[in-house]
Amino acid sequence: MPILSTRGLTKTYDGVNVVDKLDLDIPEGICFGLLGPNGAGKTTTIEMLEGILPPNAGTILYRGEPVDKHFFQKVGIQFQHTALPDFLKVNDVLNLFSRFYDQPMNRDELIAWCNLEDILERDHRKLSGGQKQRLLLALALMNDPDLLFLDEPTTGLDPQARRNFWELVRSVRSRGKTILLTTHYMDEAEQLCDEIAVLDKGTILTQGAPRTLLNQHFKGALIRIPVGNFAAKAIPPEFAGAEQKGDFMQLQATQVDATLSELIASGVSLNGLQVESATLDDLFLKLTGHELRGE
Ligand SMILES: Nc1ncnc2c1ncn2[C@@H]1O[C@H](COP(=O)(O)OP(=O)(O)OP(=O)(O)O)[C@@H](O)[C@H]1O
(Lines give C-alpha, C1' and ligand atoms only; values in the text may rest on other atoms or scores of the structure.)
Protein backbone atom coordinates (compact mmCIF):
# COMPACT_ATOMS: atom_id res chain seq x y z
CA MET A 1 0.00 0.00 0.00
CA PRO A 2 1.37 3.47 -0.83
CA ILE A 3 2.41 5.50 2.20
CA LEU A 4 0.76 8.59 0.69
CA SER A 5 -1.86 8.94 -2.04
CA THR A 6 -4.00 11.70 -3.46
CA ARG A 7 -7.21 11.41 -5.41
CA GLY A 8 -8.55 14.35 -7.37
CA LEU A 9 -6.43 16.80 -5.35
CA THR A 10 -7.26 20.30 -6.54
CA LYS A 11 -6.34 23.86 -5.58
CA THR A 12 -8.06 26.79 -7.22
CA TYR A 13 -6.92 30.42 -7.25
CA ASP A 14 -8.96 33.08 -9.03
CA GLY A 15 -11.02 30.45 -10.83
CA VAL A 16 -7.93 28.61 -12.13
CA ASN A 17 -7.00 25.10 -10.97
CA VAL A 18 -3.28 25.57 -10.22
CA VAL A 19 -3.32 21.95 -9.03
CA ASP A 20 -5.83 20.05 -11.09
CA LYS A 21 -7.31 16.70 -9.96
CA LEU A 22 -3.98 15.18 -8.99
CA ASP A 23 -3.82 11.40 -8.46
CA LEU A 24 -0.53 10.38 -6.84
CA ASP A 25 0.62 7.14 -5.23
CA ILE A 26 3.88 7.30 -3.32
CA PRO A 27 5.35 3.92 -2.34
CA GLU A 28 6.95 3.58 1.09
CA GLY A 29 10.73 3.82 1.44
CA ILE A 30 11.49 5.63 -1.78
CA CYS A 31 12.58 9.13 -2.69
CA PHE A 32 9.77 10.58 -4.79
CA GLY A 33 10.30 13.76 -6.77
CA LEU A 34 7.73 16.31 -7.85
CA LEU A 35 9.30 18.08 -10.82
CA GLY A 36 8.28 21.00 -12.89
CA PRO A 37 9.10 24.55 -13.90
CA ASN A 38 8.30 27.61 -11.79
CA GLY A 39 4.59 27.91 -11.34
CA ALA A 40 3.86 24.26 -12.18
CA GLY A 41 2.13 23.74 -8.84
CA LYS A 42 4.84 21.85 -6.91
CA THR A 43 4.81 24.00 -3.79
CA THR A 44 1.02 24.24 -3.75
CA THR A 45 0.84 20.44 -3.98
CA ILE A 46 3.41 19.77 -1.26
CA GLU A 47 1.80 22.36 1.02
CA MET A 48 -1.57 20.61 0.65
CA LEU A 49 0.13 17.29 1.45
CA GLU A 50 1.82 18.86 4.48
CA GLY A 51 -1.55 20.07 5.74
CA ILE A 52 -0.60 23.74 5.46
CA LEU A 53 -2.93 24.59 2.61
CA PRO A 54 -6.51 23.34 2.42
CA PRO A 55 -7.41 21.75 -0.94
CA ASN A 56 -10.52 22.92 -2.79
CA ALA A 57 -11.31 19.32 -3.70
CA GLY A 58 -9.92 15.83 -3.45
CA THR A 59 -8.56 13.56 -0.74
CA ILE A 60 -5.17 12.78 0.77
CA LEU A 61 -4.65 9.27 2.13
CA TYR A 62 -1.88 8.22 4.54
CA ARG A 63 -1.43 4.44 4.45
CA GLY A 64 -4.85 4.18 2.82
CA GLU A 65 -6.73 6.27 5.41
CA PRO A 66 -7.75 9.93 5.16
CA VAL A 67 -5.19 12.05 6.98
CA ASP A 68 -6.03 13.02 10.55
CA LYS A 69 -4.18 14.74 13.37
CA HIS A 70 -1.96 11.67 13.93
CA PHE A 71 -0.54 12.19 10.46
CA PHE A 72 1.45 15.17 11.70
CA GLN A 73 3.29 12.99 14.23
CA LYS A 74 4.50 10.84 11.35
CA VAL A 75 5.82 13.51 9.02
CA GLY A 76 8.78 15.88 8.97
CA ILE A 77 8.78 19.08 6.95
CA GLN A 78 11.69 21.09 5.65
CA PHE A 79 10.27 24.33 4.35
CA GLN A 80 11.85 26.45 1.60
CA HIS A 81 12.24 29.26 4.12
CA THR A 82 12.12 28.92 7.88
CA ALA A 83 12.44 31.94 10.16
CA LEU A 84 14.25 30.94 13.34
CA PRO A 85 14.38 33.20 16.40
CA ASP A 86 17.35 35.62 16.37
CA PHE A 87 20.48 35.12 18.50
CA LEU A 88 20.01 31.36 18.96
CA LYS A 89 22.95 29.05 18.47
CA VAL A 90 22.47 25.83 16.55
CA ASN A 91 22.53 24.01 19.88
CA ASP A 92 19.73 26.22 21.25
CA VAL A 93 17.65 25.75 18.09
CA LEU A 94 17.88 21.97 18.48
CA ASN A 95 16.91 22.21 22.15
CA LEU A 96 13.97 24.46 21.33
CA PHE A 97 12.57 22.18 18.65
CA SER A 98 13.12 18.98 20.64
CA ARG A 99 10.68 20.37 23.23
CA PHE A 100 7.87 20.35 20.64
CA TYR A 101 7.78 16.56 20.57
CA ASP A 102 6.97 13.88 23.14
CA GLN A 103 9.57 11.54 21.72
CA PRO A 104 12.25 13.51 19.91
CA MET A 105 15.00 11.66 18.13
CA ASN A 106 18.18 10.92 20.04
CA ARG A 107 20.02 14.23 20.04
CA ASP A 108 23.57 12.94 19.51
CA GLU A 109 22.41 10.69 16.72
CA LEU A 110 20.65 13.57 15.00
CA ILE A 111 23.69 15.84 15.34
CA ALA A 112 25.98 13.16 13.90
CA TRP A 113 23.52 12.31 11.15
CA CYS A 114 23.24 15.89 9.92
CA ASN A 115 26.94 16.74 10.46
CA LEU A 116 26.24 19.48 12.97
CA GLU A 117 29.03 18.72 15.49
CA ASP A 118 31.29 21.58 14.38
CA ILE A 119 28.63 24.28 14.27
CA LEU A 120 26.70 23.67 17.50
CA GLU A 121 28.00 26.87 19.09
CA ARG A 122 27.41 29.04 16.04
CA ASP A 123 24.65 31.63 15.75
CA HIS A 124 22.25 30.15 13.18
CA ARG A 125 22.30 33.43 11.24
CA LYS A 126 26.02 32.94 10.58
CA LEU A 127 25.63 29.59 8.87
CA SER A 128 26.49 28.98 5.22
CA GLY A 129 23.69 27.90 2.89
CA GLY A 130 24.64 24.24 3.17
CA GLN A 131 24.94 24.38 6.97
CA LYS A 132 21.55 26.07 7.24
CA GLN A 133 19.94 23.34 5.12
CA ARG A 134 21.54 20.66 7.33
CA LEU A 135 20.13 22.35 10.43
CA LEU A 136 16.67 22.62 8.83
CA LEU A 137 16.87 18.96 7.86
CA ALA A 138 17.73 18.06 11.46
CA LEU A 139 14.66 20.01 12.63
CA ALA A 140 12.51 18.14 10.09
CA LEU A 141 13.88 14.82 11.37
CA MET A 142 13.48 15.75 15.04
CA ASN A 143 10.35 13.61 15.51
CA ASP A 144 11.88 10.62 13.68
CA PRO A 145 9.22 10.85 10.93
CA ASP A 146 8.26 8.07 8.53
CA LEU A 147 7.70 10.57 5.75
CA LEU A 148 9.88 13.59 5.04
CA PHE A 149 8.85 16.56 2.89
CA LEU A 150 11.64 18.61 1.30
CA ASP A 151 10.57 21.65 -0.71
CA GLU A 152 13.33 22.65 -3.13
CA PRO A 153 15.98 21.82 -0.53
CA THR A 154 19.07 22.72 -2.57
CA THR A 155 17.93 25.91 -4.30
CA GLY A 156 20.71 28.48 -3.98
CA LEU A 157 23.38 26.05 -2.72
CA ASP A 158 26.78 25.83 -4.37
CA PRO A 159 27.58 22.58 -6.22
CA GLN A 160 29.62 21.07 -3.36
CA ALA A 161 26.96 21.86 -0.76
CA ARG A 162 24.31 20.37 -3.06
CA ARG A 163 26.26 17.15 -3.40
CA ASN A 164 26.75 16.98 0.39
CA PHE A 165 23.04 17.48 0.90
CA TRP A 166 22.27 14.72 -1.62
CA GLU A 167 24.45 12.36 0.42
CA LEU A 168 22.45 13.26 3.49
CA VAL A 169 19.16 12.62 1.69
CA ARG A 170 20.46 9.22 0.56
CA SER A 171 21.39 8.35 4.11
CA VAL A 172 17.90 9.37 5.30
CA ARG A 173 16.33 7.11 2.67
CA SER A 174 18.67 4.24 3.53
CA ARG A 175 17.16 4.30 7.01
CA GLY A 176 13.83 3.36 5.50
CA LYS A 177 12.24 6.79 5.45
CA THR A 178 10.07 7.94 2.58
CA ILE A 179 11.05 11.27 1.06
CA LEU A 180 8.91 13.54 -1.05
CA LEU A 181 10.88 16.37 -2.58
CA THR A 182 10.15 19.11 -5.04
CA THR A 183 12.85 20.37 -7.33
CA HIS A 184 13.35 22.09 -10.60
CA TYR A 185 16.89 20.68 -10.88
CA MET A 186 16.79 17.75 -13.24
CA ASP A 187 20.20 16.42 -12.20
CA GLU A 188 18.97 16.38 -8.59
CA ALA A 189 15.96 14.30 -9.59
CA GLU A 190 18.10 11.92 -11.63
CA GLN A 191 20.55 11.54 -8.75
CA LEU A 192 18.10 11.16 -5.89
CA CYS A 193 14.68 10.06 -7.00
CA ASP A 194 13.51 6.49 -7.40
CA GLU A 195 10.31 7.82 -8.92
CA ILE A 196 9.21 11.17 -10.27
CA ALA A 197 6.02 12.90 -11.33
CA VAL A 198 6.51 15.68 -13.85
CA LEU A 199 4.03 18.50 -13.30
CA ASP A 200 3.10 21.29 -15.65
CA LYS A 201 0.21 23.71 -15.17
CA GLY A 202 -1.05 21.69 -12.21
CA THR A 203 -1.36 18.32 -13.95
CA ILE A 204 0.90 15.28 -14.11
CA LEU A 205 2.47 14.84 -17.52
CA THR A 206 4.15 11.58 -16.68
CA GLN A 207 5.14 9.50 -13.67
CA GLY A 208 7.62 6.66 -13.07
CA ALA A 209 11.28 5.83 -12.49
CA PRO A 210 13.49 8.39 -14.29
CA ARG A 211 15.42 5.74 -16.25
CA THR A 212 12.23 3.91 -17.26
CA LEU A 213 10.61 7.13 -18.46
CA LEU A 214 13.69 8.07 -20.47
CA ASN A 215 13.86 4.60 -22.03
CA GLN A 216 10.16 4.80 -22.91
CA HIS A 217 10.47 8.16 -24.61
CA PHE A 218 13.94 8.01 -26.14
CA LYS A 219 15.56 5.17 -28.01
CA GLY A 220 19.33 5.07 -28.36
CA ALA A 221 21.46 8.18 -28.01
CA LEU A 222 22.77 11.23 -29.81
CA ILE A 223 26.07 10.42 -31.54
CA ARG A 224 28.36 13.34 -32.41
CA ILE A 225 31.49 12.95 -34.48
CA PRO A 226 33.88 15.77 -35.50
CA VAL A 227 33.23 16.76 -39.12
CA GLY A 228 36.96 16.38 -39.83
CA ASN A 229 36.72 12.63 -39.21
CA PHE A 230 34.75 12.31 -42.43
CA ALA A 231 37.35 14.23 -44.48
CA ALA A 232 37.80 12.80 -47.95
CA LYS A 233 35.24 10.09 -47.14
CA ALA A 234 31.63 10.02 -48.22
CA ILE A 235 29.23 9.99 -45.28
CA PRO A 236 28.49 6.28 -44.82
CA PRO A 237 24.85 5.22 -45.32
CA GLU A 238 24.31 4.45 -41.63
CA PHE A 239 25.14 8.09 -40.87
CA ALA A 240 23.17 9.47 -43.80
CA GLY A 241 20.52 11.12 -41.64
CA ALA A 242 23.14 13.09 -39.71
CA GLU A 243 23.10 16.88 -39.66
CA GLN A 244 26.00 19.22 -39.16
CA LYS A 245 25.97 21.25 -35.91
CA GLY A 246 29.08 23.42 -35.64
CA ASP A 247 32.16 21.25 -35.92
CA PHE A 248 30.23 18.03 -35.45
CA MET A 249 28.03 15.73 -37.49
CA GLN A 250 25.27 14.45 -35.23
CA LEU A 251 22.71 11.67 -35.47
CA GLN A 252 20.03 10.40 -33.08
CA ALA A 253 20.87 6.69 -33.36
CA THR A 254 18.44 4.04 -32.18
CA GLN A 255 21.07 1.27 -32.32
CA VAL A 256 24.18 2.89 -30.88
CA ASP A 257 26.34 -0.26 -30.95
CA ALA A 258 25.46 -1.09 -34.55
CA THR A 259 25.92 2.48 -35.80
CA LEU A 260 29.36 2.80 -34.20
CA SER A 261 30.47 -0.63 -35.51
CA GLU A 262 29.39 0.32 -39.01
CA LEU A 263 31.21 3.64 -38.81
CA ILE A 264 34.42 1.87 -37.77
CA ALA A 265 33.95 -0.64 -40.60
CA SER A 266 33.65 2.32 -43.01
CA GLY A 267 37.02 3.60 -41.79
CA VAL A 268 35.62 6.67 -40.01
CA SER A 269 37.74 7.60 -36.97
CA LEU A 270 35.88 7.83 -33.67
CA ASN A 271 38.42 10.27 -32.20
CA GLY A 272 36.52 13.04 -30.40
CA LEU A 273 33.32 10.98 -30.39
CA GLN A 274 30.53 12.18 -28.07
CA VAL A 275 27.54 10.05 -27.10
CA GLU A 276 24.77 11.81 -25.22
CA SER A 277 21.78 10.10 -23.66
CA ALA A 278 18.53 12.00 -23.23
CA THR A 279 17.99 13.79 -19.92
CA LEU A 280 14.88 14.69 -17.98
CA ASP A 281 15.19 18.17 -19.51
CA ASP A 282 14.83 16.55 -22.93
CA LEU A 283 11.86 14.57 -21.67
CA PHE A 284 10.12 17.70 -20.45
CA LEU A 285 10.77 19.46 -23.72
CA LYS A 286 9.34 16.50 -25.62
CA LEU A 287 6.22 16.35 -23.44
CA THR A 288 5.42 20.04 -23.38
CA GLY A 289 7.25 21.67 -26.24
CA HIS A 290 8.96 24.08 -23.82
CA GLU A 291 12.09 24.05 -21.68
CA LEU A 292 11.84 22.93 -18.08
CA ARG A 293 13.70 25.87 -16.61
CA GLY A 294 11.24 28.67 -17.00
CA GLU A 295 13.31 31.15 -15.00
N1 LIG B 1 -1.73 32.42 -2.79
C2 LIG B 1 -1.84 32.41 -4.13
N3 LIG B 1 -2.73 33.18 -4.76
C4 LIG B 1 -2.85 33.15 -6.11
N5 LIG B 1 -2.12 32.36 -6.92
C6 LIG B 1 -1.21 31.57 -6.35
C7 LIG B 1 -1.02 31.54 -4.92
N8 LIG B 1 -0.04 30.64 -4.65
C9 LIG B 1 0.36 30.13 -5.83
N10 LIG B 1 -0.33 30.69 -6.84
C11 LIG B 1 -0.19 30.37 -8.28
O12 LIG B 1 -0.29 28.97 -8.43
C13 LIG B 1 0.58 28.50 -9.43
C14 LIG B 1 1.45 27.39 -8.86
O15 LIG B 1 2.36 27.97 -7.92
P16 LIG B 1 3.39 27.08 -7.10
O17 LIG B 1 4.12 28.00 -6.17
O18 LIG B 1 2.71 25.91 -6.52
O19 LIG B 1 4.37 26.58 -8.26
P20 LIG B 1 5.78 25.88 -8.13
O21 LIG B 1 5.76 24.77 -9.12
O22 LIG B 1 6.04 25.51 -6.73
O23 LIG B 1 6.80 27.00 -8.59
P24 LIG B 1 8.21 27.45 -7.94
O25 LIG B 1 9.21 26.48 -8.48
O26 LIG B 1 8.38 28.82 -8.50
O27 LIG B 1 8.08 27.43 -6.46
C28 LIG B 1 1.37 29.70 -9.92
O29 LIG B 1 0.76 30.17 -11.11
C30 LIG B 1 1.21 30.69 -8.80
O31 LIG B 1 1.25 32.02 -9.29
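Please read all numbers here as calculations on a predicted model, not as lab measurements. (Residues numbered from 1 in each chain as written. Predicted model: local features only at pLDDT ≥ 70, side-chain atom pairs only at ≥ 80, totals over all residues. Heavy atoms only, no water.)

Asker: What is the right way to look at the overall build of the chain in this model?
Answerer: From N to C terminus, the chain includes 10 helices and 14 strands. Burial status across the chain gives 46% buried among its 295 residues. In the chain, once contacts between residues fewer than 6 apart in sequence are set aside, the share between residues at least 24 apart is 69%. With the model as given, the accessible surface of the chain reaches about 14400 Å², and the carbon-plus-sulfur share is 49%. (Helix = DSSP H or I, 4+ residues; strand = E, 2+ residues; numbered from the N terminus. Buried < 20%, exposed > 50% of the residue type's maximum accessible area, 1.4 Å probe, protein only. Contact = heavy atoms within 4.5 Å. Areas by Shrake-Rupley, 256 points an atom, 1.4 Å probe, with all protein chains shown as cover.)

Asker: What am I meant to see in the site of the ligand here?
Answerer: Residues in close proximity to the ligand include Tyr 13, Val 18, Pro 37, Asn 38, Gly 39, Ala 40, Gly 41, Lys 42, Thr 43, Thr 44, Glu 152 and His 184, which together make up its full environment. A distance of 2.9 Å is found between an oxygen atom of the ligand and a backbone nitrogen or oxygen belonging to Gly 41. In this structure, an oxygen atom belonging to the ligand sits 2.5 Å away from a side-chain N or O atom of Thr 44. Here the ligand has 640 Å² of accessible area as a free molecule, and 60% of this is covered by the chains. For the shell around the ligand, the leading source of residues is helix 1 (residues 42-49), giving 3 residues. Of the residues assigned to the shell around the ligand, the class counts are 4 nonpolar, 6 polar and 2 charged. (Near = heavy atom within 4 Å. Polar contact = N/O pair within 3.5 Å; in protein donor to acceptor, adjacent residues only side chain to side chain. Nonpolar A, V, L, I, M, F, W, Y, C, P; charged D, E, K, R; others polar.)

Asker: What should I look at first to understand helix 3 (residues 90-98) in this one?
Answerer: In an α-helix, one turn spans 3.6 residues, which is why side chains three or four residues apart end up on the same side. Every buried residue belonging to helix 3 is among Val 90, Asn 91, Val 93, Leu 94 and Phe 97, and all of these are buried. Along helix 3, the residues classed as buried sweep out an arc of 165° about the axis, all on the same side. Buried residues along helix 3 sit against helix 4 (107-113) and helix 5 (129-141). (Arc of directions from axis to C-beta.)

Asker: Where do I start with the side chain of Thr 44 in this structure?
Answerer: Tracing the backbone through its elements, the reader meets Thr 44 in helix 1. Residue classification places Thr 44 among the buried residues on the basis of a relative accessible area of 16%.

Asker: Teacher, can you tell me more about the packing of helix 8 (residues 210-217) against helix 10 (residues 280-288) here?
Answerer: Axes are the key here: two packed helices are described by the angle between their axes and the distance separating the axes. Two elements in contact, helix 8 and helix 10, have axes whose closest approach is 10 Å; the angle formed by their N-to-C orientations is 50°. Comparing their axes, helix 10 and helix 8 come out oblique. Crossing of helix 8 over helix 10 shows left-handed handedness. Of helix 10, the residues touching helix 8 (which contributes Pro 210, Leu 213, Leu 214 and His 217) are Leu 280, Leu 283, Lys 286 and Leu 287. For the contact of helix 8 with helix 10, the residue count by class is 6 nonpolar, 1 polar and 1 charged. (Axes fitted to C-alpha atoms, helices over the stretch in contact; angles between N-to-C directions. Parallel < 35°, antiparallel > 145°, perpendicular 65-115°, else oblique. Left-handed = near helix turned anticlockwise from the far one by under 90°.)

On their own, these measurements won't tell you what the molecule is for.
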